[in-house]
Amino acid sequence: MAARRRIEPYWYAIGLVWLALAALFVTHLLTGFTPARAAVSLFGFAIYWYAICILVGVGLGTWVVARLADRRARAIFETTVPAEVRARPLAEVSLPEGAAALLARRKLATLGDLLYEVGLDPRRLGLKLPDWAAVDAALRATPDVDPAWLSNTPWRVWNPDHAWGGLLWMLVLGLLGARLYHVLTPSPSMAAVGIYSWRDYFRYPLQLLNFRSGGLGIYGAMVGGLLAVLLYTRRHRLPALAWADLAVIGAALGQAVGRWGNFFNQELYGRPTSLPWAITIDPLHRLPDYADFSTFHPAFLYESLWSLLTFGVLLALHHRRGQRLLPGELLALYLVAYAIGRSLLELVRLDSRAVPFLGLETGLAVATVVSLLVALAAVVAVVVRRARRRRLSGG
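From a predicted model like this one, the values you see are computed outputs, not experimental measurements.

(A) The arrangement of the pairing of strand β2 (residues 45-48) in detail. Direction of pairing for strand β1 (residues 38-42) relative to β2: antiparallel, over a ladder of four bridges. The residue of β2 that forms the bridge with V40 is I47. Hairpin geometry of β1 and β2 is characterised by an intervening segment of two residues between the two adjacent antiparallel strands and by a positive phi of about 55° at F43.

Here's what the structure looks like:
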């Protein structure tokens, strides 16, 4: 009988988060109640639900990416190191007593367990330098252990620690990119604080830091995040496109959860509607032109569900077709998927900046134009790379 595949722990966390969000939304539909923007106050400092949603989404997404990287690393490791070597008890290796005890506490029972960790990064073992030197010498003296398995191993590039190590880079550059995109394309509602175009931010520079009145642009976050991946992978000598493929799987999940911050802020809602799933917006948060309406399309929910679907598709393709895809193709699919979803969202979304033409408003949202350009560029990149590959392979 085939062994039952173990369910990844992150699925339980994802399920709990979505169960809580679903319960919250149903409660809102039944009562019209929306929790306050601030979840708690610590030492006089408000902790907002918006930030909590983003952090939970980022955390879940990074967890998934780390597990996917570990899965790739183990696949390469098992292909590289013979099964009979991996299965040897660690007791057969002449290790120092102190190091052996520490490795036992870390539940490393076989030679394969130790070689895998060493190949990723010896620092993961938590050994002091003299103990590590002794372990390294013992491994090199062990029969059938290839010295190449102890340094610069082929599975090193998929060390799951890189998912967490690159997170700060992505948060910082993603936030800067998201803010810059918003500043360059301010929404019409920014007129309430004196911002009619990007030039006004230089007249009122303090508004650059006023995140409560202005938002973040997702395309700017994408550019900043991809730049972070490029810089981090270059610094650590990792395959950039392959890591970007994993990163967008986590990004899609992060967006799906993070968008719920808009629910707590009572923003990113669509046109007025009386549909059963319409959300109630308090008068204080309604746009002036829609002050007489109370229920609106939950545009944030549409984007959240689309991102969740994108996450599922990307994850399934990674598992089932990962070996057939070229590096960067999951990234391209993510960009196309988001562009399609965003273009559809703009059909119901309010407060979008329109693209001017010869001084006239076209009614075409900036996000729609950017989406079309992004989708086109992603499709062209995939087609060109595939054609080049066929040409080089002679077929």
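(B) Region of interest: the packing of helix α10 (residues 218-236) against helix α11 (residues 240-258). Packing of α10 against α11 leaves a shortest axis separation of 10 Å and a crossing angle of 145°. Crossing angle aside, the handedness with which α10 passes α11 is right-handed. For the pair formed by α10 and α11, the contact residues are I218, V229, L230 and T233 on the first element and A240, W243, A244, A247 and Q255 on the second.

(C) The arrangement of helix α1 (residues 9-31) in detail. With 23 residues, α1 extends 34 Å between its outermost C-alpha atoms, agreeing within 8% with the 33 Å of an ideal straight helix rising 1.5 Å per residue. Among all positions of α1, only Y10, I14, V17, W18, L21, L24, F25 and H28 are buried. In this structure, the buried side of α1 is in contact with α2 (49-80), α11, α12 (260-265), β3 (279-280) and α13 (299-321). One or two positions beyond α1, positive phi appears at G32, with a value near 75°.

(D) Looking closely at the nonpolar core. Residues L114, L115, L139, I249 and W260 are the most contacted members of the largest nonpolar core, which totals 91 residues. Top element by residues in this core is α11. It accounts for 11 residues. Those residues in contact with L114, other than ones at most four positions away along the chain, are L90, L103, L108, L125, V135 and L139.

(E) Examining the packing of aromatic side chains more closely. Counted under the stated rule, the structure contains 19 aromatic pairs. Summarising the aromatic geometry, the rings of W49 and F264 are spaced 5.0 Å apart at their centres and angled 15° between planes, so their arrangement reads as stacked. Taken together, the positions of W49 in helix α2 and F264 in helix α12 put the pair 215 residues apart, joining distant regions of the chain. On the accessibility criterion, W49 (30% relative accessible area) is partly exposed. Here the aromatic rings of Y290 and F293 are separated by 6.2 Å at their centres, their planes lie at 50°, and the arrangement is tilted. Since its relative accessible area comes to 21%, Y290 is described here as partly exposed. Residue classification places F293 among the partly exposed positions, given a relative accessible area of 41%. Among the aromatic residues, those joined into a cluster by ring pairs are W18, F25, W49, W260, F263, F264 and F300. The ring of Y116 has R74 sitting right over it, with the charged end atom 4.1 Å from the ring centre.

(F) Local environment of the side chain of Q255. As for its position among the elements, Q255 is in helix α11. If sequence neighbours within four positions are ignored, Q255 has contacts with I218, E303, S307, Y334 and Y338.

(G) Quick look at unusual backbone geometry. At K107, a position not held by glycine, the phi torsion is positive, near 60°. Checked against the element boundaries, K107 lands in the loop between α4 (97-105) and α5 (111-120). The class for K107 is exposed, based on a relative accessible area of 72%. At Q266, a residue that is not glycine, the phi angle is positive and equals roughly 55°. Tracing the chain through its elements places Q266 in the loop between α12 and β3. Take Q266: its relative accessible area is 7%, and that puts it in the buried class.

(H) Seen up close, the packing of α11 against helix α14 (residues 329-345). Running from N to C, α11 and α14 cross one another at 30°; their axes reach a closest spacing of 7 Å. Counted together, L241, A244, D245, V248, I249, A251, A252 and Q255 of α11 and E329, L330, L331, Y334 and Y338 of α14 form the full contact between these two elements. By residue class, the composition of the contact of α11 with α14 is 10 nonpolar, one polar and two charged.

(I) Looking closely at the environment of R349. Checked against the element boundaries, R349 lands in the loop between α14 and β5 (354-357). Judged by relative accessible area, R349 falls into the buried class, the value being 19%. Distance in space between the C-alpha atoms of R349 and Y269 is 6.4 Å, their sequence separation being 80 residues. The residues touching R349, leaving out its near neighbours within four places in the chain, are L268, G270, R271 and R342.

(J) How the structure looks around the pattern of salt bridges. Applying the stated criterion across every chain, the model contains 12 salt bridges. Between R386 and E329 there is a salt bridge, and its shortest N-O distance comes to 2.8 Å. Separated by 57 residues along the polypeptide, R386 in helix α15 (residues 366-392) and E329 in helix α14 bring together distant segments of the chain. Since its relative accessible area comes to 25%, R386 is described here as partly exposed. Using a relative accessible area of 9% as the deciding quantity, one classes E329 as buried. Measuring nitrogen to oxygen at the nearest pair gives 3.8 Å for the salt bridge that ties R349 to E346. A relative accessible area of 9% places E346 in the buried class. Three or more residues are tied together by salt bridges with common partners; here these are E8, R67, D70 and R74.

(K) Representation of the side chain of T310 in the model. With respect to the helices and strands, T310 occurs in helix α13. Overall, the relative accessible area of 10% leaves T310 in the buried class. Contacts of T310, omitting those with residues within four sequence positions, involve A252, Y334 and A337.

Calculation rules
- Residues numbered from 1 in each chain as written.
- Predicted model: local features only at pLDDT ≥ 70, side-chain atom pairs only at ≥ 80, totals over all residues.
- Heavy atoms only, no water.
- Pairing = 2+ DSSP bridges.
- Helix = DSSP H or I, 4+ residues; strand = E, 2+ residues; numbered from the N terminus.
- Axes fitted to C-alpha atoms, helices over the stretch in contact; angles between N-to-C directions.
- Left-handed = near helix turned anticlockwise from the far one by under 90°.
- Contact = heavy atoms within 4.5 Å.
- Expected span 1.5 Å × (residues − 1).
- Buried < 20%, exposed > 50% of the residue type's maximum accessible area, 1.4 Å probe, protein only.
- Core = buried A, V, L, I, M, F, W, Y, C linked by side-chain atoms within 4.5 Å.
- Phe/Tyr/Trp six-rings, centres within 6.5 Å; stacked < 30°, edge-to-face > 60°.
- Lys NZ or Arg CZ within 6 Å of the ring centre and 35° of its normal.
- Nonpolar A, V, L, I, M, F, W, Y, C, P; charged D, E, K, R; others polar.
- Salt bridge = Lys/Arg side-chain N within 4 Å of Asp/Glu carboxyl O.

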